[in-house]
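Survey of secondary and tertiary structure
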Amino acid sequence: MFSSTNKFKTIVCGGTFDLFHKGHKDFLHTVFKYSDKVAIGLTSDKFALSQKNIAESFSIRKRALENFLKENKYNAQVLKIDDIYGPTLKNKFKCDAIAVTEDSLKGADAINKKRKELGFNDLKIIKIILSKSSDGKIVSSNRIRNGEIDRNGELFVDKKLLKYDYILPQNLRKKLSEPFGKLIENFDKWANGQSLEAQRIITVGDAITSKFVELKIIPKLCVIDLNVNRKKKFKNIYELGFENDTRFVSIINPAGEVSSRLLQEIKKFFRDNLKDNLVIKITGEDDLAVIPVVLSSPLGYEIYYGQPGRGVVKIMVSEKIKSEIKILISKFKRKVL
């Protein structure tokens, strides 16, 4: 390790910088303490996809990176790279240090090994500690994609949130009666023209769940209460068309509330990354279940729920809607468990 007083002429570093977040910012702020001149290797889409899943294209990732550099008045050259070596093996590329995070040391060692074979000097390795999120775990693009944290490393469903049951206050009832997403007035007609991926679909409500089952599309997660328009419609989950081996759990969730147990069960389902589908059968009411579902769902999932008398609402899970729902539930009345 080197102190920030050990300045280098030029430092090279690299990364995917997908969903540009707090960890990326902390890393680059630290890099610029060691040098005023930095070359940043930004992985091409082809290289990035060969290493990991990514959510954003090269152009979007580059724009976010360059905006950060401009805002902080940092002197950096952004280079597209197609492998771990980037420009470090070129004779004309002058650099005296490489900055990496703790989990990328092997890459830095591989670069120095190759440079030695070519007769180049070793690059000094600067190891930078990975940033932590509010739960003490690493901030990563993967955790953001999985819907666990936002780009500042804050959990969408944390221990504090799970301490309470939440009661819908009167002043929010009108807001909750409006669609959270796109309203589909004629779902049957709309569904016939779609290519729907069952493993990324979530349904809330019995009517919409039974529609998907009729289409032989079994959602990844279903939340039901065996009622339609608050009237008993089904005796059990099998009357909705589910097979006898369908995995389900029963949860008590009173009308007009979001229970901590419901929050916990949905979070656990996505945390465990279970391959099996799950049906959550609620005793009480499922009308507000969209809230915990949005908070825990990975980005890119599709949530469908019924809008009485109007049609079906489709929510495409995004960082924006997750943040909005987190703010919304903070306005509910809290009931200590």
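A brief structural summary. (Residues numbered from 1 in each chain as written. Predicted model: local features only at pLDDT ≥ 70, side-chain atom pairs only at ≥ 80, totals over all residues. Heavy atoms only, no water.)

Quick notes on the packing of aromatic side chains
- In the structure shown here, the tally under the stated rule is twelve aromatic pairs.
- Taken together, a centroid distance of 6.0 Å and an interplanar angle of 55° make the contact between Phe68 and Tyr74 tilted.
- Judged by relative accessible area, which is 5%, Phe68 ranks as buried.
- We classify Tyr74 as partly exposed; its relative accessible area is 24%.
- Centroid distance Phe270 to Tyr301: 5.7 Å. Interplanar angle 90°. Geometry classified as edge-to-face. Placement of Phe270 in helix α9 (residues 260-271) and of Tyr301 in the loop between α10 (290-296) and β15 (302-307) is noted, with a sequence separation of 31 residues between them. The pair Phe270 / Tyr301 is uniform in exposure class, with both members buried.
- A connected cluster of aromatic rings, assembled from ring pairs, spans Phe17, Phe20, Phe32, Phe68 and Tyr74.
- When the ring centre of Phe156 is taken as reference, the NZ or CZ atom of Lys322 above it lies at 4.7 Å. (Phe/Tyr/Trp six-rings, centres within 6.5 Å; stacked < 30°, edge-to-face > 60°. Buried < 20%, exposed > 50% of the residue type's maximum accessible area, 1.4 Å probe, protein only. Helix = DSSP H or I, 4+ residues; strand = E, 2+ residues; numbered from the N terminus. Lys NZ or Arg CZ within 6 Å of the ring centre and 35° of its normal.)

Concerning the sheet that holds strand β1 (residues 11-15)
- Taken in spatial order, the five strands make up an open sheet running β3-β2-β1-β4-β5, and their pairing is parallel. Strands with a single pairing partner mark the edges of an open sheet, and in this sheet they are β3 (76-81) and β5 (124-128). On average, each strand axis in the sheet is tilted by 25° relative to the strand beside it, whichever way the strands run.
- The pairing of β1 with strand β4 (residues 97-101) spans two bridges and is classified as parallel. Its bridge partner being in β4, Ile11 is matched across the sheet by Ala97. (Pairing = 2+ DSSP bridges. Axes fitted to C-alpha atoms, helices over the stretch in contact; angles between N-to-C directions.)

Read these as layout, nothing more, since geometry by itself doesn't imply function.
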